[in-house]
Structure formats: C-alpha cells, structure tokens
Amino acid sequence: MFEKVNSKVVSVDISRSGPVVARRGAMLFYTGNVFFQPHQVAGAGGGMGGMGGVAGMAGRMMSGEHESTMVAQGQGVVHYGFRGIEVQIIDVGAVGGMIRVEASRTLAYTSNLQASIVSVTSQGGGGGGGGGGLLRSMRSAAAGAMTGQGMFTTQLSGPGQVVILGHGGVFELPVSPDRPPVTVDPQAYVGAAGQVNTTLRSTVSWRNVGRTGGEAMQLECAGQGVVYVQASEEKL
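Residues numbered from 1 in each chain as written. Predicted model: local features only at pLDDT ≥ 70, side-chain atom pairs only at ≥ 80, totals over all residues. Heavy atoms only, no water.

Caption draft 1: Here's a closer look at the overall build of the protein chain. Secondary structure summary: the protein chain contains 3 helices and 15 strands in total. For the protein chain, buried positions account for 49% of its 236 residues. Residue pairs in contact within the protein chain that sit at least 24 positions apart in sequence constitute 84% of those at least 6 positions apart. Of the roughly 10300 Å² of accessible surface on the protein chain, 51% is carried by carbon and sulfur atoms. (Helix = DSSP H or I, 4+ residues; strand = E, 2+ residues; numbered from the N terminus. Buried < 20%, exposed > 50% of the residue type's maximum accessible area, 1.4 Å probe, protein only. Contact = heavy atoms within 4.5 Å. Areas by Shrake-Rupley, 256 points an atom, 1.4 Å probe, with all protein chains shown as cover.)

In structure tokens:
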C-alpha cells in the first residue's frame, strides 16, 4: 500500500489500496484520475468520548487538536508529505489491530481502517488531578494546551496502514506488564498501539504548573503494546 519515497514522503496507488484519508494540505502531487473530498472522522462533531457537549467543546477550543481531513479516490498514485517532517508507515494489523495517534501526528491512512475520536480519559487517565465532569475536562484541556497532549486522540482499528509524522524520526518503546511503565514527555509523544493505558500526570500543583514549563507534565504509559515517540519536543 503506502511506500516510502524517501524519509519524508510516501506514495500510494489508490487503485490498489482503495480510498486514502489524509490531513488537509498533505497531498504533494498525483498522477492519474484522482479526486478529493472532505472527510469527517467519527466523533469529531461534538460530545466525544462520552463527555457532554460543553466539555467536548472546551477541550477542542483549548487544545485545537482536531485536524481537517480529505479522502482521495479514483485511479492513480498520490504522494503525501507535510512540512518536510519524517514519516513512518505502520501496519495496524501487525501491532494488535488498534493504534491511537495524536491527530497532529497523523499524515494519512487507508480508509479500510475504522477511525474515531476518543477521549484521553478512556485510555486510563488524563487529568493529572481529581474532579469529575466539566472540572476534570477543563483540567485535561489545560494540561493539553500546555503540553501538546490534547484531551482527544485519533483511534484507528482493523487491518490497514497509517503513516505517522515525527520531527527527527519516530522510534518504538515496548510496554508490557512485567516492565516498569514508560514515562514520556507529552510533546514527544506520537501514539500507542495495543492495550496501552496513558495517564497525564503533573509533578507540581495545578497552581504552579504554568510556571514550570512542559517538564512538569508527564505521560505515563503502561499495559501491553508499543509507544511511538518522536526524537524531538517540537510541536506540529
């Protein structure tokens, strides 16, 4: 399906792969008879992850994490890249059939994957503090706005491929119950595959978090699977 042209560009023959979904602005060029139309990821319209509409709206406004996508269909070969950032192709079926990737780190994926927007709290945590309902959502959003780890993430499941982005490239960190949890800087976090629970934690009080920088917030990853981390803390 997807093939690397170089470290920063992939190509895909959509006559063989079927339709491909990609972030808006990622298409570099194509050959053949290809057409594009807007695409809506399930759950991106509001009330995500079982939260109320107000909480979902607060999260999206504060972290700005939803990316507009386009679907390419027809007959031809399409080339994708984004801002000269390194790319990595992942076979979702080979990593347990499910992967969660930050929307800003997702370049493109085959449309046979089921895509939805899910809450970070559904991954086993995400507030770094107590409270429920709107209060917890606002704390999660505040943490996401500061660290780059948003309230919501893109979940892809089924057989298919996804292309992810990472400044300086992406490397894999195994996670398993018989090992200590992997703790990642949220700005370096790209995604996770398998049954990985992520919990956004604060090492300082909420009153002082704005004075300490990104190092005060950490993303703890535990469970069974793989965590993908970029070789940089640079945001997209």
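There is more to say after this.
Caption draft 2: A look at the nonpolar core. One finds Ile99, Tyr109, Leu156, Val162, Ile164 and Tyr228 to be the most contacted residues of the largest nonpolar core, which totals 20 residues. Put simply, the parts of the chain that give this core at least two residues each are β7 (98–101), β9 (114–119), β10 (152–157), β11 (161–166), β14 (189–202) and β15 (217–230). In terms of nonpolar packing, the next biggest core, distinct from the first, is built from 18 residues, Val12, Ile14, Ile85 and Val87 among them. (Core = buried A, V, L, I, M, F, W, Y, C linked by side-chain atoms within 4.5 Å.)

Caption draft 3: Up close: the environment of phenylalanine 29. Residue placement: phenylalanine 29 occurs in strand β4 (residues 27–39). Sequence spacing of phenylalanine 29 and serine 11 is 18 residues, and the spatial spacing of their C-alpha atoms is 9.5 Å. Excluding residues within four positions of it along the chain, phenylalanine 29 makes contact with Val77, Val78 and His79.

Caption draft 4: Focus on the packing of aromatic side chains. Applying the stated criterion to the full structure yields 1 aromatic pair. Here the guanidinium or amino end of arginine 23 rests over the ring plane of phenylalanine 82, the centre of that ring lying 3.9 Å away. (Phe/Tyr/Trp six-rings, centres within 6.5 Å; stacked < 30°, edge-to-face > 60°. Lys NZ or Arg CZ within 6 Å of the ring centre and 35° of its normal.)

Caption draft 5: Just the pairing of β7, in detail. Here β7 shows two buried faces, one formed by Met98 and Arg100 and the other by Ile99 and Val101. As judged from the 4 bridges shared by β7 and β10, these two strands associate in the antiparallel manner. Its bridge partner lying in β10, isoleucine 99 is registered against leucine 156. When β7 meets β14, the two strands line up antiparallel, connected through 3 bridges. When the sheet's bridge partners are listed, isoleucine 99 is paired in β14 with alanine 193. (Pairing = 2+ DSSP bridges.)

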